[in-house]
Amino acid sequence: MEKKCKSIVWFRRDLRIEDNPALAAVARDGTVLPVFIWCPKEEGPYHPGRVSRWWLKHSLIHLQQSLRSLGAELLVIKADTTLSALLDCINAVGATKVVYNHLYDPISLVRDHNIKQKLVELGIEVQSFNGELLFEPWEVYDDNEQAFTTFNAYWEKCMNAQKDPVSHLPPWRLALAEGAGMNTSVEALNLENESEKSSNALLGRGWSPGWSSADKTFTEFIEHHLLNYSKDRLNVGRNSTSLLSPYLHFGELSVRKVFQSVRMKQLVWKNEQNTVGEESATFFLRAIGLREYSRYICFNFPFTHERSLLSSLQYFPWDSNQAHFKAWRQGRTGYPLVDAGMRELWATGWIHNRIRIIVSSFFVKFLLLPWQWGMKYFWDTLLDADIESDILGWQYISGSLPDGHELERMDSPQVHGFKFDPEGEYVRQWLPELARMPAEWIHHPWDAPLSVLKSAGVDLGSNYPKPLIDMDLARDMLTEAISVMHGKEAAGKAAVTDGTDEVVFDNSEPHEKVAVSKAVAKERKPCPASSSHDQRVPSMRNANSMIQNRKRPNPGEDGRVMKDNVNSCNIDKQVSKMGDDDLCSTAESSSSKKVMTNSRISFSVPQNCSSMSTGAPYPVPESSDHNDSWHEEVGTEEMSSKNGTSNLQISGKQIIHEDES
């Protein structure tokens, strides 16, 4: 009689039963031990924030109940290292195989690569699968095998690719591998401490974590709200979006399922000549594509959590002003729409993507604060905090992407206020001190007559701050900063030409400048246990690459990275802009991909995490402790590696991300 295989299913950000490739792969093979390992030490500065941990806690409880109903028990472990926890599980049940679904952020890439190497050296079979994306990041390249650096070109290639729809049905029954006598309750992980529980209590009123709730939320959206999504998505209220972003981040919802369902709706509406519905589906699919693209960028350019994709930003004279940073965090900038957004973020852990764009643009363009600070703050405070989406969003806003905002573009919060909150309802909700201001003045109270201010009970500089910085002055300062950047960039290029080789880098130790090309696995000796679905990792040259040409091409042509000589990487002269409305957070998930993982892989990831690491040019902001007394008055909130072998070092990431619009 054939001996049944004992397999460990390592859950991470794939907390679902349905369409889970790793779980499906071993469900029929023998006995299964589902494992979730909580190892905050390995997250470095990207340890999840309070509201994100609240969501994780309840999602794990739901997953545990679901697995129990199938005959298995989720083993929840708090450990100093993931590898040691996995080895303990392997020894406890005599497992011969470990399976998991891919992650693409730099920390996970390094950790997973090192763990796989160690396990296969010990004779353990290791297989990994794509449970997160429609396309693996190493599957989509241009005709010259170069990585795309503009979204439209990338997404067009994806949409034109022929892929058979694949879905993994949830198992009817699981056979539990016996012997793991070390079960830890989810409560024992201490994902929320006693001091956090009162604030977290309100979260359950607006959100219901877990894969079953994710499915219900998606069904409700696609049946009742998708049709008018193209119009409703610009409203800054919570009900104008799908609210799927936290479910997608924690893998409670298969993005492949989302994509296929919306695509079917799109085709039906197209046949019915329902242009509103067809347009809505198109917008939503682009939102899915942007989450996909965020993983693509982070994989092919793994330095983007700390350095701009465009090299000229390395010379930008950011202003490390702690007082301005604090005023922005507390929602006391004197610009009502910005302040309302930041107070909603603190109170609920969630803000509409349009508001994310507005507050982050103010952060970068008005205050000239390092975008990495804002990215890290979003990571600390958002319920749907997602590293890759945050990276994409903040780089987009800061002019760091070929198809992002121009750095010189400065949008007025006042104008945006009248456009997206014309009656001032959103501002009144989150800024009670302005609740009695007439709609005519609510987005620029500094211009209101004294009689209007007095009648509304507003005393500027007392119960509501005066503008932190005048817009004309902010524009002049931004223009001057850009001029300084261009001057330093020219001097840097001249120094290299003169042979002095004086190069300044954005927020990291110097990295070699080389052409950006397709991520390629570097072979060592064969790996004894591998699958055609297994994870690839960036090559050394991809990890150290940076796009040199800052000049923004004309809209139109696909923006692919072309091979160039020695120290330069040129962007094609014509690119298409993403558009503010596209920067959202919906994802995709998918089936297996062809991958070269019969080999051990050597790659490098930048060491320090921008402003958060010791050697960075920006001091660590006092930022993320969230203990400011003003915040305590605002109210509760409701939403939102370590060296491996050889030269593998890592840090963390995040940005504007949200639901989808």
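Since we're looking at a predicted model, the values are computed, not measured. (Residues numbered from 1 in each chain as written. Predicted model: local features only at pLDDT ≥ 70, side-chain atom pairs only at ≥ 80, totals over all residues. Heavy atoms only, no water.)

Secondary-structure assignment places Ser213 in helix α8 (residues 211–224). Accessibility expressed as a relative area gives 15% for Ser213, which makes it buried. (Helix = DSSP H or I, 4+ residues; strand = E, 2+ residues; numbered from the N terminus. Buried < 20%, exposed > 50% of the residue type's maximum accessible area, 1.4 Å probe, protein only.)

If you look at soluble globular proteins, the nonpolar side chains tend to sit buried side by side. Core analysis: the largest hydrophobic core is formed by 145 residues, its most contacted members being Phe316, Trp328 and Met437. Per-element accounting of this core gives the leading share, eleven residues, to helix α12 (residues 275–300). (Core = buried A, V, L, I, M, F, W, Y, C linked by side-chain atoms within 4.5 Å.)

Now for the environment of Asn300. Following the sequence through the fold, Asn300 ends up in helix α12. The sequence separation of Asn300 and Ala147 amounts to 153 residues, and the corresponding C-alpha distance is 7.0 Å.

Quick look at the packing of aromatic side chains now. Per the stated rule, a full pass over the model turns up 34 aromatic pairs. An angle of 15 degrees between the planes, with centres 6.2 Å apart, marks the rings of Phe151 and Trp155 as stacked. Taken together, the positions of Phe151 and Trp155, both in helix α5 (residues 151–160) and four residues apart, correspond to about one turn of that helix. Across this residue pair, the class does not change: Phe151 and Trp155 are buried. Their ring planes at 75 degrees and their centres at 5.2 Å tell us that Phe378 and Trp394 sit as a pair that is edge-to-face. Within this pair, whereas Phe378 is found in helix α16 (residues 371–381), its partner Trp394 is found in helix α17 (residues 387–397), the two being separated by 16 residues in sequence. (Phe/Tyr/Trp six-rings, centres within 6.5 Å; stacked < 30°, edge-to-face > 60°.)

A separate point is the UniProt feature "site: Electron transfer via tryptophanyl radical" (unreviewed entry) in the chain. Mapped onto the present numbering, the UniProt feature "site: Electron transfer via tryptophanyl radical" (unreviewed entry) falls on Trp318, Trp371 and Trp394. Spanning 77 residues, the annotated positions come together in the fold, the maximum distance between their C-alpha atoms being 14.4 Å. Here Trp371 lies in helix α16. (UniProt positions renumbered as here; feature names shortened; annotations may be inferred.)

The next point concerns the pattern of salt bridges. One pass over the structure, following the stated rule, counts 25 salt bridges. Between Arg12 and Asp112 there is a salt bridge whose closest N-O contact spans 2.8 Å. Note that Arg12 is positioned in the loop between β1 (5–11) and α1 (21–27) and Asp112 in helix α4 (residues 106–121), a separation of 100 residues in sequence. Taken as a pair, Arg12 and Asp112 share a single burial class, namely buried. Salt bridges sharing partners connect three or more residues here, namely Glu132, Arg291, Arg295, Asp386 and Glu388. (Salt bridge = Lys/Arg side-chain N within 4 Å of Asp/Glu carboxyl O.)

Turning our attention to unusual backbone geometry. Positive phi outside glycine occurs at Leu243, with the angle close to 60 degrees. By the element assignment, Leu243 lies in the loop between α9 (229–232) and α10 (245–249). With relative accessibility at 12%, the residue Leu243 sits in the buried group.

A few words on the environment of Asn20. Looking at the element boundaries, Asn20 is found in the loop between β1 and α1. On the basis of relative accessibility, which here comes to 1%, the residue Asn20 falls in the buried class. Engagement of the side chain of Asn20 in a polar contact is seen with the backbone oxygen of Asp14, the distance being 3.2 Å. (Polar contact = N/O pair within 3.5 Å; in protein donor to acceptor, adjacent residues only side chain to side chain.)

Over its 14 residues, α8 runs 20 Å from end to end, which matches the ideal 20 Å to within 8%, given 1.5 Å per residue. Within the span of α8, buried status applies to Trp211, Ser213, Ala214, Phe218, Phe221 and Ile222. In an axial view of α8, the angular spread of the buried residues amounts to 160 degrees, which keeps them on one side of the axis. Exposed residues lying more than 90 degrees from the buried face of α8 are Lys216 and His224. (Expected span 1.5 Å × (residues − 1). Arc of directions from axis to C-beta.)

What follows concerns the confidence of the model for the chain. Averaged over all residues, the pLDDT of the chain equals 78, while 72% of them reach at least 70. Scored below 50 in pLDDT, residues 549–577 shows 96 contacts in the model against residues more than four places distant or in partner chains. Segment residues 581–661: pLDDT under 50, and 390 contacts once partners within four positions in sequence are set aside and those in other chains are kept. (pLDDT = per-residue confidence, 0-100. Contact = heavy atoms within 4.5 Å.)

Right, let's talk about helix α15 (residues 353–366) for a bit. With 14 residues, α15 ought to run about 20 Å at 1.5 Å a step, and its terminal C-alpha atoms sit 19 Å apart, in line with that. The buried fraction of α15 amounts to 14 of the 14 residues, a majority that puts the element mostly inside the structure. With its phi angle positive at about 55 degrees, Leu368 sits one or two positions after the end of α15.

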